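# Structural overview for review
Chain by chain, the residues run as shown.
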Amino acid sequence: MFYPIILVIMVAAYGIYSLPEVKGLVGEIAVKFALLFLPDDEYIIMHDIYIPAYDGLYTQIDHLIVASCGIIVIETKNYSGKLSGSSRKKYWMAYRDGEYHKVYNPIRQNSYHIRMLKENCPKIEDEKIFSIICLSFGAKVKIDTKTPIVGPFRLKKTIAALNSRSYKHFAKISIIANMINEITIDNKIASGRYRKMLALRKERFRKGICPRCNAKLLKKRGINGEYLICSNYPVCKFRASNNV
């Protein structure tokens, strides 16, 4: 009697979990839960921080940890299926439901976060910065890279392994964390400014003006078709597809 009801609940739960927004939320909760088990006297953890990026925009770091070994930057993705590619490729291939899909390489994305962190906070230039990619439950990875790619269950062990051969007094860890806090921006302010700047960039692009330096955009043709490039190249390296 209860089996049909249980079956309906299971199907509904699976359907809800399959939604990208729900999978992303579950993944974020799982990561935050895993990080709760890191000792408070050895690690300082920050979630969802915004720092300045190029062209007046901002970039969001999912999770950042300051530890004895240095700074650990974690990028989380709710990718699923069988993933293949390398750290150098812009896109990975994800095979699921009998089809291949392109997904953006999170290692490149995290490298950008780390670069922005270094540029905005030069006081941490002597610190080692590590990148970790944390994927959703069930993702199968075949990626050519030295960057750790783990699920939420292996995250704590991966972080502990990075930190096992280092010792730094907690007072020093706190100083580094405060330096990073100084460059972070409130997420509401950042999202508002980001939307305005993005709209301005799109309007400039529509008018044939470089979104970065306000120079004229030139139309060129390459092996992959037409593209636009800044007339101020190579000082400004803005380049984009003509159909953006």
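Here is a short report on the structure shown in this document. Please read all numbers here as calculations on a predicted model, not as lab measurements.

It is worth spelling out the sheet that holds strand β10 (residues 217-222) at this point. Across the sheet, which stays open at both edges, the 3 strands sit in the order β10-β11-β12 with antiparallel pairing between neighbours. Lying at the two open borders of the sheet, with one neighbouring strand each, are β10 and β12 (239-241). When strand polarity is set aside, the average angle formed by the axes of neighbouring strands in this sheet is 30°. Where β10 meets strand β11 (residues 225-230), 6 bridges bridge the pair, whose relative direction is antiparallel. When the bridges of β11 are listed, L218 appears paired with I229.

The next subject is the pattern of salt bridges. Pairs may arise between side chains of opposite charge once their charged atoms sit close together. Tallied over the entire structure, the rule returns 3 salt bridges. The shortest N-O distance in the salt bridge between K32 and D48 comes to 3.6 Å. In this pair, K32 is assigned in helix α2 (residues 20-35) and D48 in strand β1 (residues 44-52), connecting sequence segments 16 residues apart. Note on D48: relative accessible area 29%, which makes it partly exposed. The shortest N-O distance in the salt bridge between R221 and E226 comes to 3.4 Å. Overall, the relative accessible area of 63% leaves R221 in the exposed class. The class for E226 is partly exposed, based on a relative accessible area of 33%.

The next point concerns the environment of P106. Its place among the elements puts P106 in helix α3 (residues 106-120). For the pair P106 and S87, spaced 19 residues apart in sequence, the C-alpha to C-alpha distance is 8.6 Å. Among residues more than four places away in sequence, those in contact with P106 are E75, K77, Y79, W92 and I133.

A separate point is the packing of aromatic side chains. Evaluated as defined, the whole model comprises 5 aromatic pairs. Judged by centre distance (5.1 Å) and plane angle (80°), the rings of F33 and F37 are edge-to-face. Plain terms: the ring middles of F137 and F153 are 5.2 Å apart, the flat faces sit at 50° to each other, and that makes the pair tilted. With F137 in the loop between β7 (129-135) and β8 (140-144) and F153 in helix α4 (residues 152-163), the pair connects residues that are 16 residues apart, well separated along the chain. We classify F137 as partly exposed; its relative accessible area is 33%. The exposure class assigned to F153 is exposed, which follows from its relative accessible area of 74%. Directly above the ring of Y91 sits K102, whose terminal nitrogen or CZ lies 5.2 Å from the centroid. In this structure, R239 packs its charged tip against the face of Y227, placed 3.8 Å from the ring centre.

Cut-off values and rules
- Residues numbered from 1 in each chain as written.
- Predicted model: local features only at pLDDT ≥ 70, side-chain atom pairs only at ≥ 80, totals over all residues.
- Heavy atoms only, no water.
- Pairing = 2+ DSSP bridges.
- Helix = DSSP H or I, 4+ residues; strand = E, 2+ residues; numbered from the N terminus.
- Axes fitted to C-alpha atoms, helices over the stretch in contact; angles between N-to-C directions.
- Salt bridge = Lys/Arg side-chain N within 4 Å of Asp/Glu carboxyl O.
- Buried < 20%, exposed > 50% of the residue type's maximum accessible area, 1.4 Å probe, protein only.
- Contact = heavy atoms within 4.5 Å.
- Phe/Tyr/Trp six-rings, centres within 6.5 Å; stacked < 30°, edge-to-face > 60°.
- Lys NZ or Arg CZ within 6 Å of the ring centre and 35° of its normal.

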